[in-house]
Amino acid sequence: MGVKHFCVDDPESFDLSTIDPRDTAGGPSSKEEALEKAEAMHERLADLQEVLYAENKQKVLIVLQGMDTSGKDGAVRHVMSGISPASVRVVSFKKPTEPELWHDYLWRIHPHVPGNGEIVIFNRSHYEDVLVVRVHELVPKDVWKKRYQQINDFERMLAENGVTILKFFLHISREEQAERLQARLDDPTKRWKFQHGDLEERKLWNEYREAYQDAVRKTSTKWAPWYIVPSDRKWFRNHVVAATIIDTLEKLDCKYPQPDLSGEQVE
Ligand code: AMP
Ligand code: MG
């Protein structure tokens, strides 16, 4: 299976409505098939992460975005299972605090980018500043519309300094979101995830969709591509995210350091 299938390589003509959130092209066609492959993929991911850590030269930034209930937490859980927590960090970006709002919007982001040998997963990110901020007009249009270019510049700077960036948009349908929100209301083990305001946000579905489409169009770059992941089916979403990370890490071709230990002897 080619993960290229999900990569946005012609951003200007990107049209979200052409992508079916239940599509399984380019990946497993059943849950059974996805689960069968999952264990080997987790092992592969753990091996690749270990050599990245040992080599201690390259850095990987993974951005997860998507509507409420699209499965950002679920994807993190899946990717993290089997990986040593020593060199992987997950950073969740919530509503900015007062001090964060006193600064430019990238100020709170930059300290969390990965260092040598690290993988960092952003659960939400600087993209919120052209998504929720745009939809709710938290800043004027002439402020947010400059941010696409600023984000591209920021990400290019990171890439030029050794950060490999991959960005996932977890694409769910409006119907699937209805089901998942209902489950959060009905299921006592999911109720804690329901947030005051989720239903109000849902009313702005079309506005968010437009904001996402624009963000993907304007910020899909060679140095920081977007992957659009059909996410109505959790097993498909998890598979594609893991497969794309594996593919990216394989291309980095990390090597275990081979220090010269001649003369060292275990007594
Ligand atoms: P959750 O991911 O469900 O924990 O919710 C986090 C909330 O923080 C979401 O409603 C986001 O829209 C919000 N959020 C994240 N970043 C920003 C931002 N830069 N400005 C405003 N709200 C934000
Ligand atoms: Mg939420």
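Asker: Teacher, can you tell me more about the overall build of the protein chain here?
Answerer: On a plain count of helices and strands, the protein chain comes out with 10 helices and five strands. Taken against the 2.2 N^0.38 rule, which gives 18 Å for 267 residues, the C-alpha radius of gyration of the protein chain at 19 Å falls within 12% of a compact globule. Principal-axis analysis of the C-alpha atoms places the extent of the protein chain at approximately 70 × 45 × 40 Å. Burial statistics for the protein chain: of 267 residues in total, 48% are counted as buried. In the protein chain, the share of contacts with a sequence separation of at least 24, taken over all contacts with a separation of at least 6, comes to 81%. A total of about 14,300 Å² of accessible surface is found on the protein chain, and carbon and sulfur atoms cover 50% of it.

Asker: Would you mind going over the pattern of salt bridges with me for this structure?
Answerer: With the rule as written, the count across this model stands at 16 salt bridges. Arg-89 is the salt-bridge partner of Glu-118, the closest N and O atoms lying 3.1 Å from each other. In this pair, Glu-118 is assigned in the loop between helix 3 (98-101) and strand 3 (119-123) and Arg-89 in strand 2 (residues 88-92), connecting sequence segments 29 residues apart. Of the residues examined, Arg-89 reaches a relative accessible area of 28% and is grouped as partly exposed. The partner of Lys-167 in a salt bridge is Glu-155, and the shortest N-O contact between them spans 2.8 Å. Of this pair, Lys-167 sits in strand 4 (residues 163-171) while Glu-155 sits in helix 6 (residues 147-160), and the two are 12 residues apart along the sequence. No difference in accessibility class separates Lys-167 from Glu-155, as the two residues are buried. Within this structure, Asp-68, Arg-124 and Glu-128 form a network of salt bridges that share partners.

Asker: Looking at this model, I keep getting lost on the layout of surface pockets. Mind explaining?
Answerer: To find leftover empty space, a probe the size of one water molecule is rolled over the atoms. Approximately 350 Å³ is the volume attributed to the second largest pocket. Looking at which element gives the most residues to the lining of the second largest pocket, the answer is helix 10 (residues 234-252), with four residues.

Asker: Got a minute to help me understand the side chain of His-171 in this structure?
Answerer: Take His-171: it is sitting in strand 4. For His-171, a relative accessible area of 2% translates into the label buried. If sequence neighbours within four positions are ignored, His-171 has contacts with Leu-16, Ile-19, Pro-21, Arg-209, Ile-228, Val-229, Pro-230, Ser-231 and Asp-232.

Asker: Explain the nonpolar core here, please?
Answerer: When a protein is soluble and globular, its nonpolar side chains tend to lie buried together. By size, the foremost hydrophobic cluster in this structure holds 36 residues, and its most contacted members are Leu-61, Phe-122 and Ile-228. Leave out the neighbours within four places in its chain, and Phe-122 touches Leu-61, Ile-62, Val-63, Leu-64, Val-91, Phe-93, Ile-109, His-112 and Val-113. Among the nonpolar cores identified, the runner-up in size contains 35 residues, and Val-3, Leu-48, Phe-168 and Cys-254 belong to it.

Asker: I'm lost on helix 6 in this one. Help?
Answerer: Residue pairs spaced three or four apart in an α-helix point in one direction, given the helix's 3.6 residues per turn. Between its terminal C-alpha atoms helix 6 stretches 19 Å, which fits the 20 Å expected from 14 residues at 1.5 Å a residue. Those residues of helix 6 that fall on the buried side of the exposure criterion are Arg-147, Tyr-148, Ile-151, Asn-152, Phe-154, Glu-155 and Leu-158. Along helix 6, the residues classed as buried sweep out an arc of 165° about the axis, all on the same side.

Asker: Which parts of the structure should I look at to understand the site of ligand 1?
Answerer: Neighbouring ligand 1 are the residues Phe-93, Lys-94, Lys-95, Pro-96, Arg-108, Arg-124, Glu-128, Asp-129, Val-132, Val-133, Leu-138 and Gln-195. In the environment of ligand 1, a nitrogen atom lies 3.2 Å from a nitrogen or oxygen atom belonging to the side chain of Asp-129. One nitrogen or oxygen atom from the side chain of Gln-195 is found 3.0 Å from an oxygen atom belonging to ligand 1. Its free accessible area being 510 Å², ligand 1 has 80% of it covered by the protein chains. Residues that form the shell around ligand 1 fall into these classes: five nonpolar, one polar and six charged.

Criteria and cut-off values
Residues numbered from 1 in each chain as written. Chains lettered and ligands numbered in written order. Predicted model: local features only at pLDDT ≥ 70, side-chain atom pairs only at ≥ 80, totals over all residues. Heavy atoms only, no water. Helix = DSSP H or I, 4+ residues; strand = E, 2+ residues; numbered from the N terminus. Rg over C-alpha atoms; globule rule 2.2 N^0.38 Å. Buried < 20%, exposed > 50% of the residue type's maximum accessible area, 1.4 Å probe, protein only. Contact = heavy atoms within 4.5 Å. Areas by Shrake-Rupley, 256 points an atom, 1.4 Å probe, with all protein chains shown as cover. Salt bridge = Lys/Arg side-chain N within 4 Å of Asp/Glu carboxyl O. 1 Å grid on protein atoms, 1.4 Å probe; cavity = no way out; pocket = protein on both sides within 12 Å on 5 of 7 lines; lining within 4 Å. Points joined across faces, edges and corners; volume = space filled by probe spheres on them. Core = buried A, V, L, I, M, F, W, Y, C linked by side-chain atoms within 4.5 Å. Expected span 1.5 Å × (residues − 1). Arc of directions from axis to C-beta. Near = heavy atom within 4 Å. Polar contact = N/O pair within 3.5 Å; in protein donor to acceptor, adjacent residues only side chain to side chain. Nonpolar A, V, L, I, M, F, W, Y, C, P; charged D, E, K, R; others polar.

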